Amino acid sequence: MTTTLHRLRQMKQQGQRFACITAYDASFAWLAATAGIEVLLVGDSLGMVVQGQSSTLPVTLTDMAYHTACVARANSSSLIMADLPFMTYSDERQALDSAAQLMRAGAHLVKLEGGAWLAPSVEHLRRNGIPVCAHMGLTPQSVHVFGGYRVQGRGSEAGQRLLSEARTLVAAGADLLLLECVPRDLAAMITQAVEIPVIGIGAGPDTDAQVLVMHDLLGIDRGHKPARFVKNFLHGEDGILGAFRAYAAAVRDGSYPSDEHCFSQNA
Ligand code: KIV
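Note that the structure is predicted; figures quoted are calculated from it, not measured. (Residues numbered from 1 in each chain as written. Predicted model: local features only at pLDDT ≥ 70, side-chain atom pairs only at ≥ 80, totals over all residues. Heavy atoms only, no water.)

> Whenever I open this one, the overall build of the protein chain confuses me. Can you help?
Within the protein chain, the secondary structure is distributed over 11 helices and eight strands. Taking 18 Å as the expected radius of gyration for a compact globule of 267 residues, we find that the protein chain reaches 17 Å, a close match to that expectation. Counting only C-alpha atoms and orienting by the principal axes, one finds that the protein chain spans roughly 45 × 40 × 40 Å. By the burial criterion, 55% of the 267 residues in the protein chain qualify as buried. When contacts within the protein chain are restricted to residue pairs at least 6 apart in sequence, long-range pairs at least 24 apart make up 64% of them. Summed over its atoms, the accessible surface of the protein chain is roughly 11300 Å², and 50% of this surface lies on carbon and sulfur atoms. Between the averaged position of the 21 positive side-chain charges in the protein chain and that of its 25 negative side-chain charges there is a distance of 2 Å. (Helix = DSSP H or I, 4+ residues; strand = E, 2+ residues; numbered from the N terminus. Rg over C-alpha atoms; globule rule 2.2 N^0.38 Å. Buried < 20%, exposed > 50% of the residue type's maximum accessible area, 1.4 Å probe, protein only. Contact = heavy atoms within 4.5 Å. Areas by Shrake-Rupley, 256 points an atom, 1.4 Å probe, with all protein chains shown as cover. Lys, Arg positive; Asp, Glu negative; His and termini not counted. Charge placed at Lys NZ, Arg CZ, Asp CG, Glu CD.)

> Would you explain the site of the ligand in this entry?
Near the ligand, the surroundings consist of 13 residues, among which Gly43, Asp44, Ser45, Asp83 and Lys111 are the closest. Here an oxygen atom of the ligand and a side-chain polar atom of Asp44 are 3.1 Å apart. For the ligand, an oxygen atom lies 2.7 Å from a polar atom in the side chain of Lys111. Contact with the protein chains covers 95% of the free accessible surface of the ligand, which is 260 Å². Classifying every residue of the shell around the ligand by side-chain character gives five nonpolar, four polar and four charged. (Near = heavy atom within 4 Å. Polar contact = N/O pair within 3.5 Å; in protein donor to acceptor, adjacent residues only side chain to side chain. Nonpolar A, V, L, I, M, F, W, Y, C, P; charged D, E, K, R; others polar.)

> Sorry, what's going on with the pairing of strand E3 (residues 79–83) here?
Remark: a regular strand shows side chains that alternate across the two faces of the sheet. Of all five residues making up E3, five are buried, and the element is well covered by its neighbours. With burial as the criterion, each face of E3 is covered, one bearing Leu79, Met81 and Asp83 and the other bearing Ile80 and Ala82. Direction of pairing for E3 relative to strand E4 (residues 109–113): parallel, over a ladder of three bridges. What sits directly across from Ala82, in E4, is Val110. After leaving E3, the chain enters helix H5 (residues 92–105) and then returns to the sheet as E4, a path that is right-handed. (Pairing = 2+ DSSP bridges. Right-handed = clockwise from strand over helix to strand, strands pointing away.)

> Help me understand unusual backbone geometry, please; the structure alone is not making it clear to me.
Each neighbour pair has its own omega, and for Tyr256 with Pro257 the value is 0°, a cis peptide bond. Not every positive phi belongs to a glycine, and Arg222 is a case in point at roughly 45°. Here Arg222 lies in the loop between helix H10 (214–217) and helix H11 (240–253). A residue is classified by how much of its surface remains accessible, and Arg222, at 55% relative accessible area, is exposed.

> Looking at this model, I keep getting lost on the sheet that holds strand E8 (residues 209–212). Mind explaining?
Pairing between the strands of a sheet is mediated by backbone hydrogen bonds and can be parallel or antiparallel. Read around the closed barrel, eight strands run E1-E2-E3-E4-E5-E6-E7-E8, paired in parallel fashion. Between one strand and the next, the sheet's axes are offset by a mean angle of 25°, whatever the strand orientation. Across the sheet, helix H4 (residues 61–74) is in contact with strand E2 (39–42) and E3; its angle to E2 comes to roughly 155°. (Axes fitted to C-alpha atoms, helices over the stretch in contact; angles between N-to-C directions.)

> I'm lost on the environment of Gly52 in this one. Help?
With respect to the secondary-structure elements, Gly52 resides in the loop between helix H3 (46–49) and H4. The class for Gly52 is partly exposed, based on a relative accessible area of 46%. Sequence separation between Gly52 and Arg222 is 170 residues, and the spatial gap between their C-alpha atoms is 9.8 Å. In contact with Gly52, not counting residues within four places along its chain, are Gly47 and Arg222.

Okay, here's the thing in structure tokens:
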């Protein structure tokens, strides 16, 4: 079955979880779609895992359009979400021009990072027929503001602020939310509070979906220590297709993420 945003909403209403994985090229996109992964994210994480950069900041719109087109050519049934990279959506006009390039390359929706300040751009994109995912919590394009890749939304004031900003973006027309590295209780509260599907990464087991960077779930870490929320799904499987299927099954039955992959309010 082809995945649409309408289908993802239905899945939320029916309490069915779905899986998302990053994809940057045709071969892995084909494997992920064949494994039944509902959403392929052409993430700007490609700056780190494909280009060898130390952050996502150097990734350009041209890079993103190129990789989106590679993924789109091989996709069969998954929904393709593409990241707007750093400094390509600083106002509504720029957001629309940038998003149009990714949609022409084959994306079905775009993802942008930030909070309530994105509301006018979300509205503008939706008015022009472009669905949007709002990425909140730890937003890697702002790593230098955060002073590192740190858990966000700890403590009741920060948590309430994130919830309120999520509501603002939903009211502006966001189709999906993505929460990265937030305490599990906060992610559960936001997921309950909004009608649209919420995808989590390092956000505990109670979001409507999970996303992982493909290289992380295959244990390709170039010697770096994996983040706490990462699980290697290639262990015990006899190939990459098996690993992708095991990941999707674990997301759907709720066995991933487990306690060891979650952040609490304290540590
Ligand atoms: O770029 C990316 O891969 C992402 C995920 C970490 C959510 O945004």
